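# A look at the structure
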Amino acid sequence: MSNAGPLGFLFGGMSCMAAAMVTHPVDTIKVRLQLQGEPVGYPAAGTGAQATTATASTAAQAAVPKKYNGFLRGMATVVREEGVGGLYKGISASLLREGTYSTIRIGLYEPFKNALATATTGRDEPPRADPLWKKVVAGGAAGAVGSAIANPTDLLKVRMQASTGKLPAGGVLRLAADVFRAEGLRGLYRGVGPNTQRAIVLTGTQLPSYDHFKHLLLASGYFSEGVATHFVCSMFAGLVCATTTSPIDVVKARYMNQKYGPDGVGLKYSSTFDCFRKTVQGEGFMALYKGWFPQWMRIGPHTIVTFMILEQLRKLAGLNPV
């Protein structure tokens, strides 16, 4: 697979933006499910050992009652209370995110992989397998770069999706300005740690699993390059990706959505590790998989739409398939 150059970046962003338009309502429900059940009895983060020891004993009683009972009921609740538009809260931030983060991560995957590869494949040559670890490293590195740069767009998306009231006029730009005024530039990079970790895992599993599984299917002789193969590989990549990223996604959403004090310390979680610890202590390990089904319902179709469009765009431009 030869480098696609600037078209690799452009097509990556375009395909992911199209996928976001399809899957954003599912993503909104996923965020709401991940955030609900957060214990409210925790003292402000960073108030000392006494606050830490009180955490586990009070968490169970302090949990907020569940508002969204599962994926379908959660979607019905949002539509009933906020209208269909409630499902598309944060869509502007989501498109901005895909236009930056996904443009970078998908655009960089190919050159990173080829830089690690010991052999390249010409357009008319049969595909040769690159080791899976090289694909994982290339995907993880591409995801890390994209996420670190585009973190503000993800933070804005989460906060807009979490809001159950009417969003202020001005949309994503107004919210960005409000966050900047209240929290400074640092505020726009809240959660950059877990967000980058998630991107490393997501891109390090999504792109390599699609790439590698597709190679295995083509090498078996039972599949050929085409829409059916792209669909099967996308479904597999989406399942792998949803399972590996769910715990990090929960921590990221909760850490990003919390309020922060004037000292810049979160009022619920002092760090992402603190968020992870309190979530497991207060709600059990499986709380890290809250929203797994909508996560898969989002990443599965998102991955399918992304790669189906990406492959067709590359074909139209005369580029090698992924």
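Figured I'd write up the structure that's included with this text. For clarity, every value in this text was computed on a predicted model and none was experimentally measured.

Cut-offs and rules
- Residues numbered from 1 in each chain as written.
- Predicted model: local features only at pLDDT ≥ 70, side-chain atom pairs only at ≥ 80, totals over all residues.
- Heavy atoms only, no water.
- Salt bridge = Lys/Arg side-chain N within 4 Å of Asp/Glu carboxyl O.
- Helix = DSSP H or I, 4+ residues; strand = E, 2+ residues; numbered from the N terminus.
- Buried < 20%, exposed > 50% of the residue type's maximum accessible area, 1.4 Å probe, protein only.
- Axes fitted to C-alpha atoms, helices over the stretch in contact; angles between N-to-C directions.
- Parallel < 35°, antiparallel > 145°, perpendicular 65-115°, else oblique.
- Left-handed = near helix turned anticlockwise from the far one by under 90°.
- Contact = heavy atoms within 4.5 Å.
- Nonpolar A, V, L, I, M, F, W, Y, C, P; charged D, E, K, R; others polar.
- Core = buried A, V, L, I, M, F, W, Y, C linked by side-chain atoms within 4.5 Å.
- Phe/Tyr/Trp six-rings, centres within 6.5 Å; stacked < 30°, edge-to-face > 60°.
- Patch = residues over 30% accessible without salt bridge, like charges linked within 9 Å, V, L, I, M, F, W, Y side chains within 5 Å.
- Areas by Shrake-Rupley, 256 points an atom, 1.4 Å probe, with all protein chains shown as cover.
- Expected span 1.5 Å × (residues − 1).
- Bend = angle between axes of the 7 residues up to and from the residue.

Let us look at the pattern of salt bridges. Under the definition given, this model contains 27 salt bridges. In this structure, Lys157 engages Asp27 in a salt bridge whose closest nitrogen and oxygen atoms are separated by 2.7 Å. Of this pair, Lys157 sits in helix H5 (residues 132–162) while Asp27 sits in helix H1 (residues 6–35), and the two are 130 residues apart along the sequence. There is no split in this pair, since Lys157 and Asp27 are both buried. The partner of Lys113 in a salt bridge is Asp130, and the shortest N-O contact between them spans 3.8 Å. Within this pair, whereas Lys113 is found in helix H4 (residues 91–116), its partner Asp130 is found in the loop between H4 and H5, the two being separated by 17 residues in sequence. Assessed through its relative accessible area of 4%, Lys113 is described here as buried. According to the relative accessible area criterion, Asp130 is buried, its value standing at 12%. Linked through salt bridges whose partners overlap, the residues forming this network are Asp27, Lys30, Arg97, Glu98, Asp154, Lys157, Arg198, Asp249, Lys252 and Arg298.

A few words now on the packing of H4 against helix H7 (residues 192–220). Pairs of packed helices are described in terms of their axes, by the angle between the two and the distance that separates them. Orientation of H4 relative to H7, taken along the N-to-C sense of each, is 55°, at an axis distance of 11 Å. Of the possible angle classes, the one that applies to H4 and H7 is oblique. In the packing of H4 onto H7, the handedness of the crossing is right-handed. Contact with H4, carried on its side by Arg97, Tyr101, Arg105, Ile106, Tyr109 and Lys113, involves Arg198, Ala199, Leu202, Thr203, Gln206, Leu207, Pro208 and Asp211 of H7 and no other residues of that element. A per-class count over the contact of H4 with H7 returns 7 nonpolar, 2 polar and 5 charged.

Take the nonpolar core next. One finds Phe11, Tyr109, Tyr210, Phe307 and Leu310 to be the most contacted residues of the largest nonpolar core, which totals 19 residues. In contact with Phe11, not counting residues within four places along its chain, are Leu310, Leu313, Arg314, Ala317 and Leu319. Within the second largest apolar cluster, 15 residues are counted, among which are Ala162, Val172, Ala176 and Met256.

Time to look at the environment of Lys66. Its location among the elements puts Lys66 in the loop between helix H2 (49–62) and helix H3 (71–82). Its relative accessible area of 55% is what places Lys66 among the exposed residues. Spatially, the C-alpha atoms of Lys66 and Gln36 are 6.3 Å apart, while their sequence positions differ by 30 residues.

Tallied over the entire structure, the rule returns 8 aromatic pairs. Ring geometry for Phe71 against Phe293: centres 5.7 Å apart, planes inclined by 75°, an arrangement best described as edge-to-face. Here Phe71, found in helix H3, pairs with Phe293, found in helix H10 (residues 292–316); they are 222 residues apart in sequence, far enough to count as distant. A relative accessible area of 11% places Phe71 in the buried class. For Phe293, a relative accessible area of 39% corresponds to the partly exposed category.

Together, Tyr222, Phe223, Phe231, Val232 and Met235 give the surface a local cluster of nonpolar side chains, amounting to about 490 Å² of exposed area. Of note, Tyr222 is situated in the loop between H7 and helix H8 (227–257). With a relative accessible area of 73%, Tyr222 lands in the exposed category.

Here we come to H1. Relative to the 44 Å expected for 30 residues at 1.5 Å per residue, H1 spans just 38 Å between its end C-alpha atoms, considerably shorter than the ideal helical length. Where H1 bends most, the angle comes to about 60°, and this point is Thr23, followed within four residues by the proline Pro25. A large share of H1 lies buried, amounting to 21 of its 30 residues. Taken from the residues just after H1, Gly37 is the one with a positive phi, measuring 90°.

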